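Here's the letter readout for the chains.
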Amino acid sequence: MGKLSGKTAIITGAAQGMGANHARRFVAEGANVVLTDLQEETGVALAQELGESARFVRQDVSSESDWDAVVKTAEEAFGGIDILVNNAGMYFICPVDEAEPDKVRKLLEVNVFGSWLGISKVVPSMKQRGGGAIVNLASLAGARGIPWHAIYGASKWAVRGLTKTAAYDLGPANIRVNAVLPGAVQDTGMFSGGTPEQMQQIPLQRPATLDEVSDLVVFLASSEATYITGGDHFIDGGRGLW
Ligand SMILES: NC(=O)c1ccc[n+]([C@@H]2O[C@H](COP(=O)([O-])OP(=O)(O)OC[C@H]3O[C@@H](n4cnc5c(N)ncnc54)[C@H](O)[C@@H]3O)[C@@H](O)[C@H]2O)c1
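Residues numbered from 1 in each chain as written. Predicted model: local features only at pLDDT ≥ 70, side-chain atom pairs only at ≥ 80, totals over all residues.

**Observations concerning the overall build of the protein chain**
Helices and strands together make up the secondary structure of the protein chain, namely 7 helices and 7 strands. When the helices and strands of the protein chain are read in sequence order from the N terminus, they spell out β-α-β-α-β-α-β-α-β-α-β-α-α-β. Computed over C-alpha atoms, the radius of gyration of the protein chain comes to 17 Å, within 12% of the 18 Å expected from 2.2 N^0.38 for 242 residues, which places it in the range of a compact globule. Here the protein chain holds 242 residues, and the buried ones make up 46% of them. Within the protein chain, counting contacts between residues at least 6 apart in sequence, those at least 24 apart form 68% of the total. (Helix = DSSP H or I, 4+ residues; strand = E, 2+ residues; numbered from the N terminus. Rg over C-alpha atoms; globule rule 2.2 N^0.38 Å. Buried ≥ 20, exposed ≤ 12 C-beta atoms within 10 Å, placed from the backbone. Contact = placed C-beta atoms within 7 Å.)

This is the structure in structure tokens:
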């Protein structure tokens, strides 16, 4: 029996990178998955590859009506929602005084507002099921000051704040909320391979693999983590130890 047998999960930003890997791992662990993304073609192809346990819905996480369609699909196809992985995210870096206002607004809308909106939309269904687990993708950039990462970093600091307060508010409903803070993760759209100098700054001297991050997300979503909520879970090879 898989670690997520009988559970239904929504995973956002699942057409590529970490989200696609989480979707594969969740299905392998016995979950039903509604995967969502802006990228329809790759999302549909992944859902087809995963078979009957998967559905794809094209979604912009900052759209309320898109969230309504995602929740409806999960309820109609699989009877409810047990797990939300707020994984979709945008990334750009530049000196703090050179960011373009429209790009700043957009990134905050996707990374912060979109994560909150997802939580608010799945909670009624989770309450009906007697509980649930929410995993929010933050970042090491949401726990340190990193040059040129002011806007992205601000969004991920906000995701950690959202996680902790949501854990307070939703704990009585048996809904756990945790944050995952990766450092560099290979084979993603956001990380194109670090320089040898950058790798030397990581005690383990390499980026995380997709499976290493998915292992952590599966654990936090599973019944092995029933007393863990509100936590910051670093997965950075020790990069944040300074
Ligand atoms: N790659 C890393 O090294 C790294 C490190 C720390 C944290 N993270 C975080 O992990 C998460 C996954 O990142 P990744 O590296 O797999 O990125 P990625 O760029 O490979 O994938 C992100 C996905 O989100 C989707 N997306 C973007 N905007 C969206 C929107 N408005 N609505 C729906 N989908 C949208 C994209 O189409 C893409 O498929 C992100 O939240 C990211 O900030 C990544």
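Now that the structure has been shown, we can carry on.
**As for the site of the ligand**
Around the ligand, 29 residues are found, and the nearest of them are Gly 13, Gly 17, Gly 89, Thr 188 and Gly 189. Here the element with the most residues in the shell around the ligand is helix 1 (residues 17-28); it accounts for 3 residues. The class makeup of the residues in the shell around the ligand is 14 nonpolar, 13 polar and 2 charged. (Near = placed C-beta within 6 Å. Nonpolar A, V, L, I, M, F, W, Y, C, P; charged D, E, K, R; others polar.)

**Describing the packing of helix 4 (residues 101-129) against helix 5 (residues 150-170)**
At their nearest, the axes of helix 4 and helix 5 sit 9 Å apart, and the two run at 15° to each other. By the angle class used here, helix 4 and helix 5 are roughly parallel. As helix 4 packs across helix 5, the resulting crossing turns out to be right-handed. Here Val 104, Leu 107, Leu 108, Asn 111, Val 112, Ser 115, Trp 116, Ile 119 and Val 123 of helix 4 lie close against helix 5, whose contacting residues are Ile 151, Tyr 152, Ser 155, Lys 156, Ala 158, Val 159, Leu 162, Ala 166 and Leu 170. Its residues assigned to classes, the contact of helix 4 with helix 5 comprises 14 nonpolar, 3 polar and 1 charged. (Axes fitted to C-alpha atoms, helices over the stretch in contact; angles between N-to-C directions. Parallel < 35°, antiparallel > 145°, perpendicular 65-115°, else oblique. Left-handed = near helix turned anticlockwise from the far one by under 90°.)

**Here we look at helix 4**
The terminal C-alpha atoms of helix 4 lie 41 Å apart, and with 29 residues this matches the ideal 42 Å at 1.5 Å per residue to within 8%. Along helix 4, the helix axis deviates most sharply at Val 123, where the bend reaches about 40°; the proline Pro 124 sits within four residues downstream. Inspection of helix 4 places Val 110, Asn 111, Val 112, Gly 114, Ser 115, Gly 118, Ile 119, Val 122 and Met 126 among the buried residues, and these make up the whole buried set. Those residues of helix 4 that are buried are in contact with strand 1 (8-11), helix 3 (64-78), strand 4 (83-86), strand 5 (132-137), helix 5 and strand 6 (175-182). Where helix 4 terminates, the next one or two residues include Gly 130, which has phi positive at roughly 90°. (Expected span 1.5 Å × (residues − 1). Bend = angle between axes of the 7 residues up to and from the residue.)

**Some remarks on the nonpolar core**
Among the nonpolar cores identified, the biggest contains 63 residues, and Ala 23, Val 33 and Leu 35 are the most heavily contacted of them. Looking at this core element by element, the count peaks at 7 residues for helix 7 (residues 210-221). Setting aside residues up to four positions removed in sequence, Val 33 forms contacts with Ala 9, Ile 11, Ala 23, Phe 26, Val 27, Leu 50, Ser 53 and Ala 54. (Core = buried A, V, L, I, M, F, W, Y, C linked by C-beta atoms within 7 Å.)

**Structural notes on the pairing of strand 4**
Burial of the side chains of strand 4 extends over both faces: Ile 83 and Val 85 are buried on one face and Leu 84 and Asn 86 on the other. With 3 bridges connecting them, strand 1 and strand 4 associate as parallel partners. Bridging across to strand 4, Ile 11 finds its partner in Val 85. Where strand 4 and strand 5 come together, 4 bridges link them in parallel fashion. Looking at the pairing, Asn 86 lines up with Asn 136 of strand 5. Note on the crossover from strand 4 through helix 4 to strand 5: the handedness is right-handed. (Pairing = 2+ DSSP bridges. Right-handed = clockwise from strand over helix to strand, strands pointing away.)

**Brief notes about the environment of Ala 31**
Structurally, Ala 31 is set in the loop between helix 1 and strand 2 (32-37). In this structure the C-alpha to C-alpha distance between Ala 31 and Ala 54, which are 23 residues apart in sequence, comes to 8.8 Å. In this view, Ala 31 contacts Leu 4, Lys 7, Thr 8, Ala 9 and Phe 26; residues no more than four positions away in its chain are not counted.

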